[in-house]
Amino acid sequence: MVKNKNNRTIWGARIKKSSSTLFQKIGSSINTDKKLFKEDILGSIIHVEMLFKQKIISFKIKNKIIYGLKKIEKEILKNKFEYKDEYEDIHMNIEKRLFQIIGEEAGYIHTARSRNDQVITDFKMWITSANKEINKNLNNIIKTIIKISEKNIETIMPGFTHLRNAQAVSFAHYLMAYVEMFIRDKKRFSYNLENLSECPLGVAALTGTSFNIDRDYTSKKLGFKKPTNNSIDTVADRDFVLDFLYSVSTCSMHISRIAEELIIWNSDSYNLINLSDKIVTGSSIMPQKKNPDLLEYLRGKTGSVYGNFFSMLTILKGLPISYFKDLQDDKEILFKSNEILNNSIQILDEIFKNLKPNKKKMLELANTGYITATDLADHIVKNHSMSFRKAYNITSSVVNYAEKNNKKLNELSIEELKKIEPKLTIEVLKIFNLKNSVNSKKSYGGTSFDNIKKMILKYKKI
Ligand code: ARG
């Protein structure tokens, strides 16, 4: 390592030997936390403005530091900044460069702060933007799904439970279920903003500071609501990292479930949806193949996202409060999960834009598996004053009869039905019509066409 004064580490006056190259490499986080440069520079500018306002530093020094910081920001934006492993992280890389630009007066910048409060201030600001960015991406995918839903209100398919045909539904109803999931995700990301709204800057290493700083001022100027309350808790707290990683995990889990569902529907056995060539891949040996790799990628990446969440929980478990080096990993973990999720949302959006329902196959499949049996039971309850359980049993006999005679429910004649339940009239035959079945589910939140139209309209307005 170069030994002149400006190039030695910040603690070079105390620790005389430079650390081993291996330790420098391992201990350095600059390749990860350089992402925080904007927040770090803004935080420093507001910090020195406050120091000047409180008469802790002079007008001249404040201006010099701000000039230097803005110059550094330009260098970084133009890719002209040289990051050095030996300065460990973004905070010290910037401080060291400030010394080169403005000289010894750079030494005033770190008055009344520590990297411990500096890093979480930066990080909280960065995560605040990340939450908002994810919500923007979620808005896009919600819009895409609503568009497809609008075109598929009357596309009828089987609704599944246990992957067995259950009751007929509109394809749009499935799609709008995905919208609900993403709306909940959006709420979760918005809730996180509350826990990010307290500003750590000024708690210094762990005790606060003897300088007469104004934490309300820095909080406000940096976009926080208020300063944090306890200096030890502040440097130790990474709950806001967990909140974010949990929100990412839940959103990823939604994406993974949707992906899995689409993989099943796209399989040769189901063949309910077609994926355009843009979003499938081939096989190196089987020329006929079109594989849903992207959907599998989404499902797989959810594993990494869960892993990251658990890594962070594990890092925090058993860690006494205040700052420890263990915490440095929080950024790598969170940046990775954030990147995966943003990619995943955009990929799924692209998939939805390149997916077509196989309407014929959907209807065909909906016509199997005695899918209107529940409708028959409901009809008997409503028209022949019977309890649901009794109607259920009669319907079971009808299904058994149909199965034994190799018929679908809509292929049974009124005579055959009357043999099982004499009270039945010709009216019952309408019950086996799939469209009627879907449209009869008018209870709030059900799959009737009207309900779906109303929901779509409601969400379009929002
Ligand atoms: N790069 C460090 C981190 O991200 C900054 C805080 C360092 N503080 C310390 N006392 N070593 O955790």
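Going by the structure above, here's the rest.
These numbers come from a predicted model, not from an experiment.

Visitor: A description of the overall build of the chain should follow, citing residues and the corresponding values.
Guide: Looking only at helices and strands, the chain has 18 helices and six strands in total. For 462 residues, the compact-globule formula gives about 23 Å, and the C-alpha radius of gyration of the chain, at 31 Å, lies well above that figure. Here the C-alpha coordinates of the chain stretch approximately 100 × 55 × 40 Å along the principal axes. Counting the 462 residues in the chain, one finds 50% classified as buried. Once local pairs closer than 6 in sequence are excluded, the contacts in the chain between residues at least 24 apart make up 75%. Of the roughly 23900 Å² that the chain leaves accessible, carbon and sulfur atoms contribute 53%. The chain carries 75 positive and 52 negative side-chain charges, and their two centres are separated by 3 Å.

Visitor: Explain the site of the ligand to me, and be specific about the residues and the numbers.
Guide: Residues in close proximity to the ligand include S29, D33, D89, R115, N116, V119, Y323, Q328 and K331, which together make up its full environment. Between the ligand and the protein, one listed contact pairs a nitrogen atom with a side-chain N or O atom of N116 at 2.8 Å. About the coverage of the ligand: the protein hides 85% of its 340 Å² of free accessible area. The biggest single contributor to the shell around the ligand is helix α6 (residues 115–151), with three residues. Here the shell around the ligand is built from residues that sort into two nonpolar, three polar and four charged.

Visitor: Got a sec to walk through a nonpolar patch on the surface? Specific residues and values, please.
Guide: A contiguous nonpolar patch, built from I10, W11 and I15 and spanning about 260 Å² of accessible area, is present on the exposed surface. Overall, I10 belongs to the partly exposed group, its relative accessible area being 39%.

Visitor: Tell me about the packing of aromatic side chains, and name the residues and values.
Guide: What the rule picks out here adds up to 13 aromatic pairs. For the ring pair F189 and F244, a centre distance of 6.0 Å and an interplane angle of 65 degrees mean the geometry is edge-to-face. You can see F189 sitting in helix α7 (residues 171–195) and its partner F244 sitting in helix α10 (residues 239–266), a full 55 residues away along the chain. The class for F189 is buried, based on a relative accessible area of 0%. Ring pairs connect the aromatic residues F123, W126, F240 and F335, which therefore count as one cluster. Above the plane of the ring of F123 lies K331, whose end atom (NZ or CZ) is 5.5 Å from the centre. One residue, R389, lies across the ring of Y392, its end atom 4.9 Å from the ring centre.

Reading guide: rules and limits
Residues numbered from 1 in each chain as written. Predicted model: local features only at pLDDT ≥ 70, side-chain atom pairs only at ≥ 80, totals over all residues. Heavy atoms only, no water. Helix = DSSP H or I, 4+ residues; strand = E, 2+ residues; numbered from the N terminus. Rg over C-alpha atoms; globule rule 2.2 N^0.38 Å. Buried < 20%, exposed > 50% of the residue type's maximum accessible area, 1.4 Å probe, protein only. Contact = heavy atoms within 4.5 Å. Areas by Shrake-Rupley, 256 points an atom, 1.4 Å probe, with all protein chains shown as cover. Lys, Arg positive; Asp, Glu negative; His and termini not counted. Charge placed at Lys NZ, Arg CZ, Asp CG, Glu CD. Near = heavy atom within 4 Å. Polar contact = N/O pair within 3.5 Å; in protein donor to acceptor, adjacent residues only side chain to side chain. Nonpolar A, V, L, I, M, F, W, Y, C, P; charged D, E, K, R; others polar. Patch = residues over 30% accessible without salt bridge, like charges linked within 9 Å, V, L, I, M, F, W, Y side chains within 5 Å. Salt bridge = Lys/Arg side-chain N within 4 Å of Asp/Glu carboxyl O. Phe/Tyr/Trp six-rings, centres within 6.5 Å; stacked < 30°, edge-to-face > 60°. Lys NZ or Arg CZ within 6 Å of the ring centre and 35° of its normal.

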